[in-house]
Amino acid sequence: MPQIHRAAVADIDPITLYRILWLRVSVFVVEQEAAYPEIDGRDIERGAELMWIAEGPEVAATLRILRDEGGMRIGRVATAAPARGRGYAGDLMRAAVARCAELAPDLPIALDAQMQLEDWYARFGFVRSGEPFEEDGIPHIPMRRS
């Protein structure tokens, strides 16, 4: 299993943080052609943590954990195109679910999945928790894990 890193934004080396944000913009804004404010201010909220896997100096995959009202939230799950198919996103999801359980064992975990990934997130115990919606032209479904 690759090494999974975890830290608050303020504790991440600036070059690594740049690479994490570069990956997210590359996937969500450029590849998926969704022009939206990827740097949304939530990464610096109290209790927010970023998780990532690196291959050498490059960030291969990442996600973030947030504290929401009444629960935890996982989001911004992204894998660099050259690193896809290696299971990194799954490794990060398992680690993120465990981290949420460690931080708030009695609280649910929420996420907004792109529709085509609903079954993938279900593998980690997430179930549909609301009606489909569109965000930045991409169909999503709210999901929750108790």
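Residues numbered from 1 in each chain as written. Predicted model: local features only at pLDDT ≥ 70, side-chain atom pairs only at ≥ 80, totals over all residues. Heavy atoms only, no water.

1. Observations concerning the layout of surface pockets
Volume-wise, the largest pocket comes out at about 740 Å³. If you go around the largest pocket, you meet 31 residues; those closest to its centre are Phe28, Arg76, Val77, Asp112 and Gln114. The dominant element in the lining of the largest pocket, judged by the number of residues it contributes, is strand 4 (residues 71–79), at 7 residues. For the lining of the largest pocket, the per-class residue count stands at 15 nonpolar, 6 polar and 10 charged. As for the second largest pocket, its lining consists of Tyr18, Arg19, Trp22, Leu23, Ser26, Glu55, Glu58, Val59, Ala60, Ala80, Pro82 and Ala83. Secondary-structure elements contributing two or more residues to the lining of the second largest pocket are helix 1 (14–31) and strand 3 (58–68). (1 Å grid on protein atoms, 1.4 Å probe; cavity = no way out; pocket = protein on both sides within 12 Å on 5 of 7 lines; lining within 4 Å. Points joined across faces, edges and corners; volume = space filled by probe spheres on them. Helix = DSSP H or I, 4+ residues; strand = E, 2+ residues; numbered from the N terminus. Nonpolar A, V, L, I, M, F, W, Y, C, P; charged D, E, K, R; others polar.)

2. Looking at the UniProt feature "domain: N-acetyltransferase" (unreviewed entry) in the protein
Per the UniProt record, the feature "domain: N-acetyltransferase" (unreviewed entry) sits at residues 7–146. With 28% helix and 34% strand, the stretch residues 7–146 has end C-alpha atoms that lie 24 Å from each other. (UniProt positions renumbered as here; feature names shortened; annotations may be inferred.)

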